[in-house]
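Now for the letters of each chain:
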Amino acid sequence: MRGQQPVAVELKYTRHGPVLFQDKQNHKAYALRAAWLEIGCAPYLASLRMDQARTWEEFREACSFSRTPSENMVWADTEGNIGWQAVGITPLRSGWDGLLPVPGDGSCEWEGFLPIPTLPHVFNPAEGYFSTANQDNIPPGYPYAVGFQWASPFRQARIQEVLGSGRRFMLTDMARLQHDVVCLPARALVPLLQGVRSEDAAVGRSLGFLAAWDFCMDPDSTAATIYQAWQRRLTRDIQAIVLSEEERKLSPRISLNRVIDWLVSPDGRFGKDPVLGRDAFVARALEDAVRDIEKRLGPDMTGWQYGQEGYHHIRIRHPLSEALRPDLRTRLDIGPRPRGGNGNTVNQTSGGFNQTSGASFRIIADLSNWDLSLGTNSPWQSGDPASPHSQDPVSYTNLRAHETSS
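First, a word on scope: everything that follows refers to the structure included in this document. (Residues numbered from 1 in each chain as written. Predicted model: local features only at pLDDT ≥ 70, side-chain atom pairs only at ≥ 80, totals over all residues. Heavy atoms only, no water.)

### Remarks on the packing of helix α6 (residues 201-211) against helix α11 (residues 274-297)
(1) Moving on: Running from N to C, α6 and α11 cross one another at 100°; their axes reach a closest spacing of 10 Å. With respect to their mutual orientation, α6 and α11 come out roughly perpendicular. Contacts from Ala202, Val203, Ser206, Leu207 and Leu210 of α6 reach α11 at Leu286, Glu287, Val290, Arg291 and Glu294.
(2) Moving on: For the contact of α6 with α11, a count of residues per class yields six nonpolar, one polar and three charged. (Axes fitted to C-alpha atoms, helices over the stretch in contact; angles between N-to-C directions. Helix = DSSP H or I, 4+ residues; strand = E, 2+ residues; numbered from the N terminus. Parallel < 35°, antiparallel > 145°, perpendicular 65-115°, else oblique. Contact = heavy atoms within 4.5 Å. Nonpolar A, V, L, I, M, F, W, Y, C, P; charged D, E, K, R; others polar.)

Printed below as a string of structure tokens:
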């Protein structure tokens, strides 16, 4: 303990796992049994087998050893075959699903694990492509509950929109897709403002920006700045309308998918005239959003840029940053750098002001000529501040600067 004497901590375990909480008044202890604590669950170790697979069958066999974490594994070979295999061990339970505590007296035990090869998989789909972006991709009717939390479907829907266009793609097209910042939720929400009018000059100008917007969350976009603040307000404020106080306590986060459903098809919770009540709600949320932006970026709307510092940017801090002098810290820390996109675009850059999640590694592999492949890695992977590339921005590196069919 920094600045203090050593402290002894007592850790308690049961046969089901570590004790997370003790209710001493009721003489109960709550322990967690987790699949990732099982023997043989070294994360990603099965990648060594996958790297040596030479056929789809060998790949799936290698996937059967990938017990944790739960992932989407994809396959492509030089003969044009593609495939997807879900991996991860899934406990088998009878009569309960693991979402709530159960007695530890032996009446609610795991009954083994679902064999990994029986998890959902696809080989050479009829569409000619397969897309995965952390959305719920479990086929309808699948008999096992293998997960309960998924990303919203917007990113995967945008990928399908592009890949399902029927056109041929070049490597550079695939790079653009991975950096795509088209926001599908905005396509659904912004049209709700068509009938809104405001005597407030700033709100009126904001309506004009949104009406002319192409729904791209570009870092230099004023409309994207306005939209993100408005979406944030909508998601927060709608809870008081559609959820009870008890429901809000149980579910502090709300799905944007549900928000869109409630707003596109309003019901009596918005008032006797649901559409009129909905319109008043979205207008009020926009007014509040404009005030929020003015407090953060100032009243000059020409200076509102989505990717600017203080709005949607990325700052990568070195683990030793806080221990160094300011002049040395600037050599280790990166940013702030402008970022486009948000948590619902293919280029996932999270929904906060500072990007906290997103792609750290990307690759576009040309299986006909490996030297034409493209890849990107986050800054600081080398860890060498003296390297001229230590603070390179997150962008594609051409192994060979040519364009080819993919």
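### Overview of the sheet that holds strand β5 (residues 82-87)
(1) Moving on: The strand order β4-β5-β8 describes an open sheet built from three strands, whose pairing is antiparallel. Every other strand in the sheet has two partners, leaving β4 (71-76) and β8 (121-123) as the edge strands with one partner each. Recorded for the sheet is a direction-independent mean angle of 15° between the axes of neighbouring strands.
(2) Moving on: Bridge analysis of β4 against β5 gives six bridges, and the strand direction is antiparallel. Each residue of the ladder has a partner; that of Glu71, found in β5, is Val87. (Pairing = 2+ DSSP bridges.)

### With respect to the sheet that holds strand β2 (residues 17-23)
(1) Moving on: Across the sheet, three strands lie side by side as β1-β2-β3; this open sheet has antiparallel pairing. Whereas interior strands pair on both sides, the edge strands pair on one side only; in this sheet they are β1 (13-14) and β3 (28-31).
(2) Moving on: Taken together, the four bridges between β2 and β3 define a ladder with antiparallel strand orientation. Within β3, the position partnered with Val19 by the bridge is Ala31.

### Things to note about the packing of aromatic side chains
(1) Moving on: What the rule picks out here adds up to 13 aromatic pairs.
(2) Moving on: Among the aromatic residues, ring-to-ring pairing joins Trp56, Phe59, Trp75 and Phe123 into one connected group.
(3) Moving on: The positively charged end of Arg232 is found above the aromatic ring belonging to Phe353, 4.7 Å away from the centroid. (Phe/Tyr/Trp six-rings, centres within 6.5 Å; stacked < 30°, edge-to-face > 60°. Lys NZ or Arg CZ within 6 Å of the ring centre and 35° of its normal.)

### Notes on the pattern of salt bridges
(1) Moving on: For the structure shown, the criterion picks out 17 salt bridges.
(2) Moving on: With a closest N to O distance of 2.3 Å, Glu161 and Arg158 form a salt bridge. In this pair, Glu161 and Arg158 are both assigned in helix α3 (residues 154-163), three residues apart and thus about one turn of the helix distant.
(3) Moving on: According to the relative accessible area criterion, Arg158 is buried, its value standing at 12%. (Salt bridge = Lys/Arg side-chain N within 4 Å of Asp/Glu carboxyl O. Buried < 20%, exposed > 50% of the residue type's maximum accessible area, 1.4 Å probe, protein only.)

### A few points about the side chain of Ser373
(1) Moving on: Relative to the helices and strands, Ser373 resides in the loop between β11 (361-364) and β12 (374-377).
(2) Moving on: Note on Ser373: relative accessible area 4%, which makes it buried.
(3) Moving on: Among the polar contacts made by the side chain of Ser373, one reaches the main-chain amide nitrogen of Asp366 at a distance of 3.1 Å.
(4) Moving on: Within polar-contact distance, the side chain of Ser373 engages the backbone oxygen of Trp370 at 2.9 Å. (Polar contact = N/O pair within 3.5 Å; in protein donor to acceptor, adjacent residues only side chain to side chain.)

### Some words on helix α4 (residues 171-178)
(1) Moving on: Here α4 has its buried residues at Leu171, Asp173, Ala175 and Leu177.
(2) Moving on: On the buried face of α4, the contacting elements are α3, β11 and β12.

### Here's the deal with the environment of Arg167
(1) Moving on: Its place among the elements puts Arg167 in the loop between α3 and α4.
(2) Moving on: For the pair Arg167 and Ile363, spaced 196 residues apart in the sequence, the C-alpha separation amounts to 21 Å.
(3) Moving on: In this structure the side chain of Arg167 is engaged in a polar contact, spanning 3.2 Å, whose partner is the side chain of Asp173.

### Observations regarding the nonpolar core
(1) Moving on: Judged by nonpolar contacts, the single largest core of 49 residues is most densely connected at Trp213, Tyr227, Trp230 and Leu263.
(2) Moving on: For this core, the secondary-structure elements that each account for two or more residues are α5 (184-189), α6, α7 (222-237), α10 (256-264) and α11.
(3) Moving on: When residues of this core are assigned to their parent elements, the largest contribution, nine residues, is made by α11.
(4) Moving on: The residues contacting Trp230, other than those within four sequence positions of it, are Leu189, Val190, Leu193, Val282, Ala285, Leu286 and Ala289.
(5) Moving on: Core analysis: the second largest hydrophobic core is formed by 19 residues, Ala53, Ala62, Trp75 and Leu114 among them. (Core = buried A, V, L, I, M, F, W, Y, C linked by side-chain atoms within 4.5 Å.)

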